[in-house]
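# A closer look at the structure
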Amino acid sequence: DAKTTQPNSMESNEEEPVHLPCNHSTISGTDYIHWYRQLPSQGPEYVIHGLTSNVNNRMASLAIAEDRKSSTLILHRATLRDAAVYYCILARVYGGATNKLIFGTGTLLAVQP
Amino acid sequence: GAVVSQHPSWVICKSGTSVKIECRSLDFQATTMFWYRQFPKQSLMLMATSNEGSKATYEQGVEKDKFLINHASLTLSTLTVTSAHPEDSSFYICSAWLAGAGGETQYFGPGTRLLVL
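Anyway, here's the lowdown on the structure attached to this text. (Residues numbered from 1 in each chain as written. Chains lettered and ligands numbered in written order. Predicted model: local features only at pLDDT ≥ 70, side-chain atom pairs only at ≥ 80, totals over all residues. Heavy atoms only, no water.)

### A few points about the nonpolar core
Spelled out, the test is: Nonpolar cores were defined as sets of buried Ala, Val, Leu, Ile, Met, Phe, Trp, Tyr and Cys residues, with membership established by side-chain atoms within 4.5 Å. To sort residues, take the accessible area from a 1.4 Å probe on protein chains only and compare it with the maximum for the residue type: under 20% means buried, over 50% means exposed, and anything in between is partly exposed. Secondary structure elements follow DSSP: runs of H or I no shorter than four residues count as helices, runs of E no shorter than two count as strands, and numbering proceeds from the N terminus. A contact between two residues is defined here by any heavy atoms of the two lying within 4.5 Å.
If you look at the biggest cluster of nonpolar residues, it comprises 26 residues, and the most contacted ones within it are Trp35, Phe67, Leu79, Tyr92 and Leu114 of chain B. Mapped by element, the contributors of at least two residues to this core are β2 (10–13), β3 (19–25), β4 (32–38), β5 (45–51), β7 (67–73), β8 (76–81), β9 (90–100) and β11 (112–116) of chain B. Residues within four places of leucine 79 of chain B in sequence aside, it is in contact with Val19, Lys20, Ile21, Trp35, Phe67, Leu68, Ile69 and Tyr92 of chain B. Counting residues in each nonpolar core, the second largest holds 20 residues, with Leu20, Ile33, Leu75 and Val111 of chain A among its members.

### Structural notes on unusual backbone geometry
Residues and elements named next belong to chain B. In this chain, histidine 7 is followed by proline 8 through a cis amide linkage whose omega measures 0°. Turning to its location among the elements, proline 8 is positioned in the loop between β1 (4–7) and β2. Phi is positive for lysine 41, close to 60°, though the residue is something other than glycine. In this structure, lysine 41 sits in the loop between β4 and β5. Residue class for lysine 41 comes out exposed when judged on its relative accessible area of 87%.

### Re the sheet that holds β3 of chain B
Residue and element names in this part refer to chain B. Threshold: Whether two strands pair depends on DSSP finding at least two bridges between them. The convention used is that axes are lines fitted to C-alpha atoms, helices contributing only their stretch in contact, and that angles between N-to-C directions extend from 0 to 180 degrees.
Spatially, β1-β3-β8-β7 is the arrangement adopted by the four strands of the open sheet, whose pairing is antiparallel. With partners counted over all chains shown, the strands left at the sheet margins are β1 and β7, one partner each. Averaged over all pairs of adjacent strands, the angle between strand axes in this sheet comes to 20°, irrespective of strand direction. Both β1 and β3 contribute to a ladder of four bridges, which runs antiparallel. The residue bridging valine 4 from the neighbouring strand is serine 25, located in β3.

So this is what it looks like as structure tokens:
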């Protein structure tokens, strides 16, 4: 399974944008880039995913480098409720079905009021 | 979005007893579900892949006789921790894939916290 590298922790101020980086230099052509976040004592929550093009949804934006070896999750205006561990994960598709997710250590995002 | 539930949300048991945890996909069918375990301040560790109507696939180092998985229907998978010991105390989380227009998304249950005394 291809590996991702994320900073252990980041800090942000409330109401400001947050850019969470992820490196995945060994990504293959069929790997989707997934982002999940986990609040304390809860199961992970889906944030966003993409393959090649940048993606936007109501939670966040995902910017994918042209060579796909890195990506950035963008929270446009951080709130205190966005404080969580953010996981960047590569999910490989085999025969039309997506493979298991292997979690790394993620980035612990702290949001200051 | 899709909802995955787990029951119970927490359980305390004596050492040597068995504990069953249920994972249900409430509004979609899941031929494949996944079971994770998470220790305090650590990341999620994939334990096994649960396949409806067939045997589960366990990750390396996970004892299949200790962690029994049954995926009897398209909406229910169960994890039974047999002869639980204090070192099995952990946060157990299940998940399932749901196909959508932009590919598949994995939805997670809220987790079950197990404390073995």
